[in-house]
Amino acid sequence: MRSKLSAIHYRLMTALLWAVTCFVFFQRYYPYHFFYKEQNQLFLWTGEYLSTYFNQPAWLACMVGDFLTQFYYYLYAGSSILTISLLLMMGILYGALRQIRLRKGWAFCIAIILTTLEAICHLRYDFRLSSTYAIIGATLLFCCTPKKNFWIALFAPLTYWLFGYGVWLYLILSTVKNWKWAVPVCVVMLGCVYYLKDTYLLPTEQLYTYPGIGKLTTPNWYLEKLFQVDDEYYFGNWNKVVKLVEEEESPSPEMLFFYNLVKAQQGQLPEVLLHYQPNVLGTFYKIGPDTPLLTIKNMNELYYALGDMTFCERAALMACVFSPNNRNNRMIKRLAECGLIKGDTAASQKYLGLLQHSFVWRNWAKNAERSKFYPEKARFMNQQDTISVSDNTHFIMMQLLDSNPRNEVALDYILCSTLLLKDVKSFKRDYDRYCTEHPRIRKLYQEALCIWLAASDAPQEDWQQYIKDTSVIQRFMQYNQQRGSVLFKDTYWYYYDKGKAPQI
């Protein structure tokens, strides 16, 4: 009796230790993958929306998994939901393995191994919680299958319809338990699959993400760091974004994109432009068939910060197109914000109406129209009565500044973009156009003006008109005596002579 109790306690303590390890790992080292997964879906609690699940295999697993995934938005929820789901899978697998007469020790070990492999599959950014529930559902259905062998063949197509490729686990367990019926079960199953192949079979590239099949992988720390910077910016934790990027020895282009967005909105973009080379502003990106997925999903943030709601809407819609099942609640929220800023009541009501049928974003959608932020943001919109035929960001920023010359985010982006390209002539043209009435005195701009004034043999009065900091002139004279010296690595003159301009 004591040995039996000790064995039970041993298994319970092992399962508990496994669960704690799983929770701590995902919460401490891998939490931002959960936010990415939550943002890349939209689950609505309406009959019309739920009915869309019924025309696909594994509809029940998909529905349960997507319903739970929406709560990944909350802190600690992702790790908790995944850990509980995997524990549930472990317990049901253990019960199923006991049904096929495996000894308790072997059944427990195999259940832990299979659950661990499933946890490893969740390291992928595109692996869905639905896959775990496909295995849970198929195993549970096996446990509930009547003992008569006839029911195995009958339940196999039902398992495929409800839980997708989890049916293969169902068939394996059923075959081990009733090996004489292995051939007829497989024949019936393959016949059903062949008959329904045009409706229910999936392309090969979806096999690793659709419910029932996983792909073993290693932790992608690079992506986790990108998601961390992206989400901290999204949540409004801008100081944390700055800290994360500045702690990196060589920040990635995606990290620099958000770092510059933060600095531009804090009025500090000219001060940090040359800190990282090559630097990434995002103003040279074009959305097209070869554009990386993360770039497509980030572009709306640039247009939103600049104030162009038309191109922000376009970028958000493109991000929705490239999201799984064309659903992305983060982009739906952004489209609603664009409608509120533009005063487009019909558009904002459409997107707010969608979010009001979700659990997580319901309260935000109900209160968004009363926010004072969006009317304030509307002051920086493009008021020019023109049609843009391309996503030429320089032209977009000119329109924004012609509408509101005090739009400092657009001003710094247009000036810094031309400086990165070493196009001092265009920089001088834009500086004269937008900084004459409202001077933008920054060390970077003063240094760039020195280059133009020296190259054009400008008279002394022009130097006095443009260069307000005499120390800049003194250092420029010193640089000309030591041209290319690393002592001036923090200056635009050094970048102009030695730096590498981005390719566009």
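Because the structure is a prediction, the values reported are computed rather than measured.

**Things to note about the overall build of the protein chain**
Check the secondary structure of the protein chain and you find 28 helices and 0 strands. Residue burial in the protein chain is summarised as follows: out of 504 residues, 50% are buried. For the protein chain, the proportion of contacts with a sequence separation of at least 24, taken over those separated by at least 6, is 66%. In the form shown here, the protein chain has an accessible surface area of approximately 25000 Å², with 59% of it arising from carbon and sulfur atoms.

**Thoughts on the pattern of salt bridges**
Tallied over the entire structure, the rule returns 21 salt bridges. Measuring nitrogen to oxygen at the nearest pair gives 3.0 Å for the salt bridge that ties Arg124 to Asp126. Linking Arg330 and Asp230 is a salt bridge whose minimum nitrogen-to-oxygen distance equals 2.8 Å. With Arg330 in helix H18 (residues 329-342) and Asp230 in helix H12 (residues 221-234), this pair connects stretches of sequence that are 100 residues apart. Look at Arg330 and you get buried, because its relative accessible area is 5%. Residue Asp230 is classed as buried on the basis of its relative accessible area of 10%. Among the charged side chains, a salt-bridge network with shared partners connects Asp230, Asp231, Glu301, Arg330, Lys333, Arg334 and Glu337.

**What to know about the packing of aromatic side chains**
In this structure the tally under the stated criterion is 44 aromatic pairs. Here Tyr49 and Tyr53 contribute two aromatic rings whose centre-to-centre distance is 5.8 Å and whose plane-to-plane angle is 80°, an arrangement assigned as edge-to-face. Tyr53 shares its class with Tyr49; the two are buried. Consider the rings of Tyr73 and Tyr74, whose centres lie 5.5 Å apart with planes at 75°: the pair is edge-to-face. These aromatic residues form a ring-pair network of at least three members: Tyr32, Phe35, Tyr73, Tyr74, Tyr234, Phe235, Trp361 and Trp364. Taking the ring centre of Tyr29 as reference, the NZ or CZ of Arg28 above it sits at 5.3 Å.

**Points about the layout of surface pockets**
Empty space among the atoms can be located by rolling a probe the size of a water molecule over them. Computed from the structure, the second largest pocket encloses a volume of approximately 610 Å³. As for the second largest pocket, its lining consists of 29 residues, of which Trp238, Gln265, Tyr304, Phe373 and Lys377 are closest to the centre. Those elements that place two or more of their residues in the lining of the second largest pocket are H12, helix H14 (253-265), helix H16 (293-306), H18, helix H21 (373-377) and helix H23 (408-420). Looking at the lining of the second largest pocket, its residues break down into 15 nonpolar, 6 polar and 8 charged.

**Section: empty space enclosed by the protein**
Taken as a whole, this structure holds 5 cavities of 30 Å³ or more when the rule is applied. The volume enclosed by the largest cavity comes to roughly 80 Å³. Together, Tyr36, Gln39, Asn40, Phe227, Asp230, Leu294, Lys297, Asn298, Asn328, Arg330 and Met331 line the largest cavity. Every element with two or more residues in the lining of the largest cavity is listed here: helix H2 (32-39), H12, H16 and H18. The greatest single-element share of the lining of the largest cavity, amounting to 3 residues, is contributed by H16. In the lining of the largest cavity, the residues fall into 4 nonpolar, 4 polar and 3 charged.

**Re the environment of Trp59**
Take Trp59: it is sitting in helix H4 (residues 59-69). Residue Trp59 is classed as buried on the basis of its relative accessible area, which comes to 13%.

**What about unusual backbone geometry?**
Residues Gln277 and Pro278 are joined by a peptide bond in cis, for which omega reads 0°. Its identity is not glycine, yet Asn325 carries a phi of approximately 60°, on the positive side. The phi torsion at Asn326 lies on the positive side, around 60°, for a residue other than glycine. Examined against the element boundaries, Asn326 turns out to sit in the loop between helix H17 (309-321) and H18.

**With respect to the environment of Thr69**
Position of Thr69 relative to the elements: it lies in helix H4. A C-alpha to C-alpha distance of 9.3 Å links Thr69 and Gln39, two positions 30 residues apart in sequence. Those residues in contact with Thr69 that lie beyond four places of it in its chain are Lys37, Glu38, Gln41 and Leu129. A distance of 2.7 Å separates the side chain of Thr69 from the backbone oxygen of Gly65, its partner in a polar contact.

How each quantity is defined
Residues numbered from 1 in each chain as written. Predicted model: local features only at pLDDT ≥ 70, side-chain atom pairs only at ≥ 80, totals over all residues. Heavy atoms only, no water. Helix = DSSP H or I, 4+ residues; strand = E, 2+ residues; numbered from the N terminus. Buried < 20%, exposed > 50% of the residue type's maximum accessible area, 1.4 Å probe, protein only. Contact = heavy atoms within 4.5 Å. Areas by Shrake-Rupley, 256 points an atom, 1.4 Å probe, with all protein chains shown as cover. Salt bridge = Lys/Arg side-chain N within 4 Å of Asp/Glu carboxyl O. Phe/Tyr/Trp six-rings, centres within 6.5 Å; stacked < 30°, edge-to-face > 60°. Lys NZ or Arg CZ within 6 Å of the ring centre and 35° of its normal. 1 Å grid on protein atoms, 1.4 Å probe; cavity = no way out; pocket = protein on both sides within 12 Å on 5 of 7 lines; lining within 4 Å. Points joined across faces, edges and corners; volume = space filled by probe spheres on them. Nonpolar A, V, L, I, M, F, W, Y, C, P; charged D, E, K, R; others polar. Polar contact = N/O pair within 3.5 Å; in protein donor to acceptor, adjacent residues only side chain to side chain.

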